[in-house]
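Report on the structure
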Amino acid sequence: MKTFKLNTGIEIPVIGSGTNTYGKENHDYLAAINNDTTEIRSAINAGYRHFDTAISYRNEAVVAKGIAESGLDRSDFFLTSKLPGEPAYTADEAVVRKGVEQSLKALNTTYIDLYLIHHPWDSLAEMLATWKVLEDHVDKGVLKAIGVSNFNQEQLGHLLTHARIKPAVNQIESHPGKWNDAIIDYSLKEGVIPEAWGPLSRVNDQAKESLTTIGNDYGKTWAQVILRYQVARGVIVIPKSHDKHRQELNLAIFDFNLTDDQQKIIAAL
Ligand SMILES: NC(=O)c1ccc[n+]([C@@H]2O[C@H](COP(=O)([O-])OP(=O)(O)OC[C@H]3O[C@@H](n4cnc5c(N)ncnc54)[C@H](OP(=O)(O)O)[C@@H]3O)[C@@H](O)[C@H]2O)c1
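Residues numbered from 1 in each chain as written. Predicted model: local features only at pLDDT ≥ 70, side-chain atom pairs only at ≥ 80, totals over all residues. Heavy atoms only, no water.

1. A few points about the sheet that holds strand β3 (residues 17–18)
Heads up, the rule is: Pairing between strands requires that DSSP locate at least two bridges from one strand to the other. Under the scheme used here, helices are H or I runs from DSSP no shorter than 4 residues and strands are E runs no shorter than 2 residues, and both carry numbers assigned from the N terminus.
Taken in spatial order, the eight strands make up an open sheet running β3-β4-β5-β6-β7-β8-β9-β10, and their pairing is parallel. Taken across any chain shown, the strands that pair with only one partner, and hence form the sheet edges, are β3 and β10 (236–237). Sheet topology note: the strand β6 (residues 114–117)/strand β7 (residues 146–149) ladder contains three bridges and is parallel. In the sheet register, Ile117 faces β7, and the bridge partner there is Val148.

2. Description of the pairing of strand β8 (residues 169–173)
Cut-off, in case you're wondering: Each residue gets one of three labels from its accessible area relative to the maximum for its type: buried under 20%, exposed over 50%, partly exposed in between, using a 1.4 Å probe on protein chains only. Place the viewer so that the strands point away; then a crossover is right-handed whenever the path from the first strand over the helix to the second strand goes clockwise.
Taking burial as the measure, the five residues of β8 include five buried ones, the bulk of the element. Side chains of β8 alternate between two faces, with Val169, Gln171 and Glu173 and Asn170 and Ile172 buried alike. Inspection of the sheet shows β7 paired to β8 by two bridges, in the parallel sense. Considered in β8, the bridge of Val148 is made with Asn170. The β-α-β motif built from β7, the intervening helix α6 (residues 153–162) and the parallel element β8 has right-handed crossover chirality. Note: β8 against strand β9 (residues 193–197), five bridges, orientation parallel.

3. So, the packing of helix α1 (residues 38–46) against helix α2 (residues 60–70)
Quick note on the threshold: Only the stretch in contact is used when fitting a helix axis, every axis being a line fitted to C-alpha atoms; angles between N-to-C directions are given from 0 to 180 degrees. Small angles under 35 degrees read as roughly parallel and large ones over 145 as roughly antiparallel, with 65 to 115 read as roughly perpendicular and the rest as oblique. The handedness criterion is simple: a crossing whose near helix is rotated anticlockwise from the far helix by less than a right angle is left-handed, and one whose near helix is rotated clockwise is right-handed. Whether two residues are in contact is decided by their heavy atoms, any of which lying within 4.5 Å being enough.
Taken N-terminus to C-terminus, the directions of α1 and α2 make an angle of 50°; their axes are 9 Å apart at the nearest point. The angle between the axes of α1 and α2 places the two elements in the oblique class. Like other packed secondary-structure pairs, α1 and α2 cross with a definite hand, here right-handed. Where α1 abuts α2, its residues Ile40, Arg41 and Ile44 lie against Val62, Val63, Gly66, Ile67, Glu69 and Ser70.

4. Quick notes on the UniProt feature "site: Lowers pKa of active site Tyr" (unreviewed entry) in the protein chain
The cut-off we apply is this: UniProt positions are given in the numbering used here, feature names are shortened, and annotations may be inferred rather than shown by experiment. Polar contacts here mean pairs of N or O atoms no more than 3.5 Å apart (in protein, one a potential hydrogen donor and the other a potential acceptor; neighbouring residues in sequence count only if both atoms are side-chain atoms).
Under the feature "site: Lowers pKa of active site Tyr" (unreviewed entry), the UniProt entry names Lys82. Mapped onto the elements of the fold, Lys82 is located in strand β5 (residues 78–83). For Lys82, a relative accessible area of 0% translates into the label buried. If we skip the residues at most four places from it in the chain, Lys82 touches Asp52, Thr53, Ala54, Ile55, Tyr57, Tyr115, Leu116, His118 and Gln171. A distance of 3.1 Å separates a polar atom in the side chain of Lys82 from the backbone oxygen of Thr53.

In structure tokens, the structure reads:
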């Protein structure tokens, strides 16, 4: 798997698997956890080694179970999890520490490759205070890299200016219809790797038609064209599928290159 180098020096696989409905009844985000590891195991079999989970998804332990069932080593995987940007996890140093401990325990691991603040809130000072506690975990080797999610330019800029350890990643919504190019460009300029969440969601039929036409040149689907476009411009993607075949398709994007004209068409969708 192709990787990008984070500003910490560690390599991150450019495609990860989203997980936010894995291990849940009816693949419903809000439904009960049923500990079903079918999708995690099929993703691992397809070649995924990077998984994106979060405390809010309640399924960190399901991801860990799937990894354990694979028989592969923990070190073969790149695991991302997220601390909720909510007072229960950010109000003071103790609750931030408790959150990290909760993730470590659920993921059944002694370290997490990438840990993100899941959402910003309305106090730059408080976000910096939470960040400093995460920095301390990096010093101890418990978190290998730390980053943010859904941060705008002002929020990311505040951390870049004041933090001792710069955010390695900014995970944001990005797909046709809502590329969020301004924050992607800003992140790239500052050496913060952008990650696209929801990369295949909310794509309208007209965009799918244009993407399908482009994909036909290479025998690729509209979804593969989106993923290729993002990776080519330096954006990590974390598509999620409950279907083994589509999990495989979402990894098969490295055997074609979009032309400049095609990239321009995609950028305008
Ligand atoms: N940081 C944040 O605030 C945040 C917010 C939302 C999500 N996320 C993360 O981002 C991950 C991905 O986002 P997402 O789960 O919202 O959605 P997504 O990956 O954009 O799209 C998932 C949908 O696309 C379909 N799909 C997947 N591959 C396909 C393909 N090759 N062709 C056609 N359809 C395909 C899936 O259906 P099938 O299952 O039927 O294939 C599913 O309905 C999440 O799982 C989560 O880890 C983060």
